[in-house]
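Survey of secondary and tertiary structure
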Amino acid sequence: AAWEGQVFAAAHLELALQELRMLAATLTAALGFSPGVTRLPNGFAGTALSQHALTPVASRSAASSGLESVLAPLLEQQQQQQQQQQRRALRAPSAAMVATGGMGGGLFTQSNPEDRRVVPDEPGDRQIFKVVYVVLESQYQSSLSTACKRINAGQEKVAVECSGYILEELRDPANFEQFKKDVADANIFIGSLIFVQELADKVVEAVEPYRETMDAVCVFPSMPAVMRLNKIGSFTMASMGQSKNVMLDFMKKNKPSGTSFQDGMLKLVRTLPKVLKFLPGDKAKDARSFMMSLQYWLGGSPENIEALLLNLASTYVFESDLLTGEVVEPPTVIPDQGIWHPVAPRVFETNEEYIQWLRNEHAPTIGVDPNKAPVIGVVLQKSHINTKDDAHYVALIMEIEANGGLVLPIYTGSLDFSKPIEDYFFLN
């Protein structure tokens, strides 16, 4: 059900569990195994599956031993093929074949420093563009790394080199010196949620001298000094906090009250044509590119980040369109709060929809009686779901369900969990 260091998508995992149960029953009968709670073959881990592990009995019949000798080389061959497929995944000819999970030692947060730098294995004669980013949340680091690997696997004429930093890592002098070297050679810089003054000063110190020579600088919600680094073609926030700015005035006047940042930005994007029509053609195009980049960023998934990088590269880095393959997809985002289950077909925005799916479809599939099972409420962080850095969430939910419970897993993009708790945990 799991290859070394790789977590299957939850839906595939559930199917694999069913196959594993059938295989266990077959081998039990054929080889004379007896059920037991022990280790699984090949170092397979997962307490939720321990009831399906098998312990060989002390003696077997000659027929069983003969069958085992036939099966052993077949199982070994299958394992070798799986390992070869895993190694080929990151060099697959199709971007869709690239795994979205991190391959380093981070697992749950997938933010191992060994994954910080992405370099194409076989650049050939492809044109290279270089990206440097600084983010607060480690899960975005995983999403960015996967997006770059997808580009290198799927694009015939371009490839990307990427260097990434978690904001707090800039406190280390060696990291900061390497960060400055990377920025000096970058085509695109991306920053997000830089709100610590001393670290904001470091980012400005490193980026500002090269701002004009870089092809694009995208800074999403951060301190004003860092936001002023933004440069998307003719679009800039250089006057932020200093003088009149058409875009900023529009955003302030039209900021919806009582909503999260993401919901507010999405509503602003829908009304953006009101202000763009007053701007010259190039300025309107570049302002639209910034707002589109923001939408991709808020979407957070490797697919969204891939589209963000390809859009910036095709518009501002290369003089001609060198991109190949399918048309870059528009941003896909999920609601700012909702109910997310790893094997559900979609995010649910109401209790009624989720409970109907849980009781009528999911509970019977996993063999849990919805009338008797306890329901456990869990509050999740949206950014982990956005970026698909959700292995720890999947593990927790599977463990609860394996022990006979059902889960009401809600999430929010806000740091204030009171609203989703009131909306979803209290029915009356």
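Here goes a summary of the coordinates provided. Fair warning: this is a prediction, and the values are worked out from it, not measured in the lab.

Cut-off values and rules
Residues numbered from 1 in each chain as written. Predicted model: local features only at pLDDT ≥ 70, side-chain atom pairs only at ≥ 80, totals over all residues. Heavy atoms only, no water. Salt bridge = Lys/Arg side-chain N within 4 Å of Asp/Glu carboxyl O. Helix = DSSP H or I, 4+ residues; strand = E, 2+ residues; numbered from the N terminus. Buried < 20%, exposed > 50% of the residue type's maximum accessible area, 1.4 Å probe, protein only. Axes fitted to C-alpha atoms, helices over the stretch in contact; angles between N-to-C directions. Parallel < 35°, antiparallel > 145°, perpendicular 65-115°, else oblique. Left-handed = near helix turned anticlockwise from the far one by under 90°. Contact = heavy atoms within 4.5 Å. Nonpolar A, V, L, I, M, F, W, Y, C, P; charged D, E, K, R; others polar. Pairing = 2+ DSSP bridges. Phe/Tyr/Trp six-rings, centres within 6.5 Å; stacked < 30°, edge-to-face > 60°. Lys NZ or Arg CZ within 6 Å of the ring centre and 35° of its normal. Core = buried A, V, L, I, M, F, W, Y, C linked by side-chain atoms within 4.5 Å.

**Regarding the pattern of salt bridges**
- By the definition in use, this model includes 13 salt bridges.
- Note that Arg150 and Glu303 form a salt bridge whose closest N and O atoms lie 4.0 Å from each other. Of this pair, Arg150 sits in helix α3 (residues 138-154) while Glu303 is found in helix α11 (residues 302-317), placing the two residues 153 residues apart along the sequence.
- By relative accessible area, Glu303 is classed as partly exposed at 29%.
- Of the charged contacts, one joins Asp423 and Lys419 as a salt bridge, the two residues approaching to 2.9 Å between their closest N and O atoms. One end of the pair is Asp423 and the other is Lys419, both in helix α15 (residues 418-424) and 4 residues apart, which spans about a single turn.
- Classification of Asp423 as partly exposed rests on a relative accessible area of 35%.
- One continuous salt-bridge network, built from bridges that share partners, spans Arg150, Glu303, Glu306 and Lys388.

**Considering the packing of helix α4 (residues 173-184) against helix α5 (residues 197-207)**
- Running from N to C, α4 and α5 point in directions that differ by 40°, and their axes come no closer than 9 Å. In terms of axis orientation, α4 runs oblique to α5. Note on packing geometry: the crossing formed by α4 with α5 is right-handed. Of the residues in α5, those in contact with Phe176, Phe179, Lys180 and Val183 of α4 are Lys202, Val203, Glu205, Ala206 and Val207.
- Looking at the contact of α4 with α5 residue by residue, the class counts come to 6 nonpolar, no polar and 3 charged.

**Quick notes on the sheet that holds strand β12 (residues 406-412)**
- In spatial order, the strands read β10-β12-β11; together these 3 strands make up an open sheet with mixed pairing. Looking along the sheet, the strands with just one partner apiece sit at the ends: β10 (337-339) and β11 (375-381). The sheet shows a mean angle of 20° between the axes of neighbouring strands, taken without regard to direction.
- Sheet analysis places β10 next to β12, joined by 3 bridges and oriented antiparallel. What sits directly across from Gln337, in β12, is Thr412.

**With respect to the packing of α3 against α11**
- It is the contact of α3 with α11, at a shortest axis distance of 8 Å, that shows an interaxial angle of 60°. When the interaxial angle is binned, α3 and α11 end up oblique. Seen from above, α3 lies across α11 with right-handed handedness. Packed against α3, whose contacting residues are Tyr140, Ser143, Leu144, Thr146, Ala147, Cys148, Arg150 and Ile151, the element α11 presents Pro302, Glu303, Ile305, Glu306, Leu309 and Leu310 at the interface.
- Residues belonging to the contact of α3 with α11 are distributed by class as follows: 9 nonpolar, 2 polar and 3 charged.

**Focus on the packing of aromatic side chains**
- Enumeration according to the criterion identifies 12 aromatic pairs in this entry.
- Measuring from ring centre to ring centre gives 6.0 Å for Phe129 and Phe318, while their planes differ by 85°; the resulting arrangement is edge-to-face. Taken as a pair, Phe129 in strand β4 (residues 127-135) and Phe318 in the loop between α11 and β10 lie far apart in primary sequence, 189 residues in all. Take Phe129 and Phe318: they sit in the same class, and that class is buried.
- Lys202 extends its terminal NZ or CZ atom over the ring of Phe176, reaching a point 4.4 Å from the ring centre.

**Notes on the nonpolar core**
- In this structure, Phe129, Phe179, Phe189, Ile190, Val203 and Trp297 are the most contacted members of the largest nonpolar core, which totals 63 residues.
- No other element matches the 9 residues that α11 contributes to this core.
- Once residues lying within four places of it in the same chain are set aside, the contact partners of Phe129 are Ile151, Ala159, Val160, Glu161, Asn187, Ile188, Leu309, Ala313, Val317 and Phe318.
- Within the second largest apolar cluster, 13 residues are counted, among which are Ile339, Ala344, Phe348 and Trp357.

**Regarding the sheet that holds strand β3 (residues 117-118)**
- Read from one edge to the other, the open sheet built from 7 strands follows the order β3-β5-β4-β6-β7-β8-β9, with strand pairing classed as mixed. Edge positions in the open sheet fall to β3 and β9 (235-236), since each of these has one partner strand only.
- Pairing geometry for β4 and strand β6 (residues 188-192), over 5 bridges, is parallel. For Val132, the partnering residue across the bridge sits in β6 and is Phe189.
- Packed onto the sheet, α4 meets β3, β4, β5 (158-166) and β6 and runs at close to 150° relative to β5.

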